[in-house]
Amino acid sequence: MSPIASLLDDIKSRTKAFVVYRSDDETAIESQFSSHNVSVDHRELPSAVPAPFLVIEADGSFAGAIALSELEGLLEPPIVRPDADDGVSRGYRVLFDVLDETVFTAMERSQLLAVSREIEDRAFRVGTGTLRVAFQSFSTFEPQVELYRALGTRTDLDIHIHGIADWSPPEIPNVTYHSDTDGTLDRYWILAFDGGGDKTQQCSLFSKAQRDGYDGVWTDDPDLVERVLAELAAAQ
Amino acid sequence: MNEERTAHDELATAIEPSSRLADDALYRALASTQRRRALAILCEETELTVEALATLLTGWDATETNTMATPADRETTLIELVHTHLPVLAESELVSYDAEEATVTIEPLSQPVIELIAKSVDAERQSSS
């Protein structure tokens, strides 16, 4: 398996699980998280326990437990996030990671483009740093040349385009092309921006073409963004 | 443990089971919030892994503290179960505790004992609310 392919597997297996202990019908929390990158399960709450609660698991181990009433308050907009550097307990971190990581299981090409524009826009606004993109092949990049010409000429971004060389792209300042000769990136649509020194601006879209659309993740997780950047750099 | 104890146990099972209500070991076993809660849970679940019991007790705590229980909280609960509470409960023959399999099973309890456990847990809930 190529490093890129195993990275996707890795993302999928960074298992986070929510287990709702309740005695009544499905809770709003369960449907709220159904579109997120987390498996949501429920167990019967022994009647002796006074109130329902949620157990948060990460990588197979207990990360936290919180009363459902407390969780509902926490998730009511505006969501106030505990400061990540403030010694926040693991349970909160996993919870907010889950909220941040939305999975597009059946992503259409139009959604893929919309998320891509978001990331490019963020890179444009920051104006410095490294942006690596892989649009499967250079011919897929062709309709986006003008956008990348603007990114390359109007910012100090260091832009790298990866893909199968089935078309000769034009020279653009600050843009370097990397031809994927062994076809590793054939089915991948990936963007990763390192934030230009600002971790809060880091983001990545990592997706793989399936028979009917794409399967992927849009993440702000700095570790993940750095891994995507490193794998792309290594794939050239 | 010793002969006297065995004789006492035989006597205890031979006579009316509710006479356990006059058994000191029962009250020693019930002299802890965590043990009363563990018993109340086990009265319903019959058998649980020690891990599952620790998770339920940690969740129970979380419903009272209204904060996120941490992995350290659960670890403390687990350690106290293994080193203190389960041995006490097993000693008083309210549960059987298989340390190797890390499972705990409720022993057959008479209705008055089951009710006592439920009432003690309820009373605590009412006094805290």
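Residues numbered from 1 in each chain as written. Chains lettered and ligands numbered in written order. Predicted model: local features only at pLDDT ≥ 70, side-chain atom pairs only at ≥ 80, totals over all residues. Heavy atoms only, no water.

Comments concerning the overall build of chain A
A tally of helices and strands in chain A yields eight helices and 11 strands. Of all 236 residues assigned to chain A, the portion counted as buried reaches 49%. Considering only intrachain contacts with a sequence separation of at least 6, the fraction spanning at least 24 residues in chain A is 61%. (Helix = DSSP H or I, 4+ residues; strand = E, 2+ residues; numbered from the N terminus. Buried < 20%, exposed > 50% of the residue type's maximum accessible area, 1.4 Å probe, protein only. Contact = heavy atoms within 4.5 Å.)

Concerning the sheet that holds strand S2 (residues 39–44) of chain A
All names here are of chain A. In spatial order, the strands read S2-S1-S3-S4; together these four strands make up an open sheet with mixed pairing. Of all the strands in the sheet, the pair left with one neighbour each is S2 and strand S4 (61–67). If you compare each strand with its neighbour and ignore which way they point, the axes differ by 25 degrees on average. Here strand S1 (residues 16–22) runs beside strand S3 (residues 53–58); their pairing, made up of six bridges, is antiparallel. When the bridges of S3 are listed, phenylalanine 18 appears paired with isoleucine 56. Strands S1, S3 and S4 of the sheet are contacted by helix H3 (residues 68–75), whose axis makes an angle of about 85 degrees with S4. (Pairing = 2+ DSSP bridges. Axes fitted to C-alpha atoms, helices over the stretch in contact; angles between N-to-C directions.)

Thoughts on empty space enclosed by the protein
Within this structure, the stated rule accounts for one cavity of 30 Å³ or more. Here the largest cavity is characterised by a volume of approximately 30 Å³. Taken together, Pro50 of chain A together with Arg37, Trp60, Glu64, Val121, Glu124 and Arg125 of chain B form the lining of the largest cavity. Contributions of two or more residues to the lining of the largest cavity are made by helix H4 (50–65) and helix H6 (111–128) of chain B. It is H6 of chain B that provides the largest number of residues to the lining of the largest cavity, a total of three residues. (1 Å grid on protein atoms, 1.4 Å probe; cavity = no way out; pocket = protein on both sides within 12 Å on 5 of 7 lines; lining within 4 Å. Points joined across faces, edges and corners; volume = space filled by probe spheres on them.)

Some details on helix H8 (residues 222–235) of chain A
An α-helix turns once per 3.6 residues; consequently, residues spaced three or four apart project the same way. All names here are of chain A. The terminal C-alpha atoms of H8, which comprises 14 residues, lie 20 Å apart, in line with the 20 Å expected from a rise of 1.5 Å per residue. Along H8, the residues classified as buried are Leu224, Val225, Val228, Leu229, Glu231, Leu232 and Ala235. Projected down its long axis, H8 shows its buried positions confined to an angular sector of 165 degrees, all on one face. Opposite the buried face of H8, at more than 90 degrees from it, the exposed residues are Asp223 and Ala234. (Expected span 1.5 Å × (residues − 1). Arc of directions from axis to C-beta.)

So, the interface of chain B and chain A
Listed per partner, the contact involves 20 residues of chain B and 24 residues of chain A. Together, the buried faces of chain B and chain A total about 1,800 Å²; carbon and sulfur atoms form 72% of this surface. Applying the counting criterion to the chain B and chain A interface returns zero salt bridges. Summed over the shared surface of chain B and chain A, the number is three residue pairs in polar contact (both at pLDDT 80 or more). Residue assignment for the side of chain B that touches chain A shows that the elements contributing at least two residues are helix H3 (33–45), H4, helix H5 (71–91) and H6 of chain B. (Buried area = accessible area lost by both parts, 1.4 Å probe. Salt bridge = Lys/Arg side-chain N within 4 Å of Asp/Glu carboxyl O. Polar contact = N/O pair within 3.5 Å; in protein donor to acceptor, adjacent residues only side chain to side chain.)

Details of the pairing of strand S7 (residues 158–164) of chain A
The two faces of a sheet get side chains in turn, since along a regular strand they alternate between them. Residue and element names in this part refer to chain A. Within S7, five of the seven residues are buried, leaving the element largely enclosed by the surrounding structure. Note that strand S6 (residues 130–137) and S7 share six bridges and pair parallel. Bridge pairing in S7 places threonine 130 opposite aspartate 158. In the sheet, S7 pairs with strand S8 (residues 175–179) via five bridges, with the strands oriented parallel. Bridged to isoleucine 159 within S8 is valine 175.

Concerning the packing of helix H5 (residues 109–126) of chain A against helix H7 (residues 145–154) of chain A
Residues and elements named next belong to chain A. The interhelical angle for the contact between H5 and H7, taken along N-to-C directions, is 20 degrees, at an axis separation of 10 Å. One way to sum up the angle between H5 and H7 is to call them roughly parallel. Crossing of H5 over H7 shows left-handed handedness. Between H5, through Arg117, Glu120 and Phe124, and H7, the contact on the second element is made entirely by Leu147, Tyr148, Ala150, Leu151 and Arg154. In terms of residue class, the contact of H5 with H7 is made up of five nonpolar, no polar and three charged. (Parallel < 35°, antiparallel > 145°, perpendicular 65-115°, else oblique. Left-handed = near helix turned anticlockwise from the far one by under 90°. Nonpolar A, V, L, I, M, F, W, Y, C, P; charged D, E, K, R; others polar.)

Details of the pairing of strand S10 (residues 203–210) of chain A
All names here are of chain A. With seven of eight residues buried, S10 lies mostly within the body of the structure. Looking at chain direction, strand S9 (residues 188–193) and S10 are connected through six bridges and run antiparallel. Each bridged residue has a counterpart across the sheet, and for tryptophan 189 the counterpart in S10 is serine 207. Pairing geometry for S10 and strand S11 (residues 213–219), over seven bridges, is antiparallel. Paired with glutamine 210 across the strands is glycine 213, a residue of S11. As consecutive antiparallel partners, S10 and S11 are separated by two residues.

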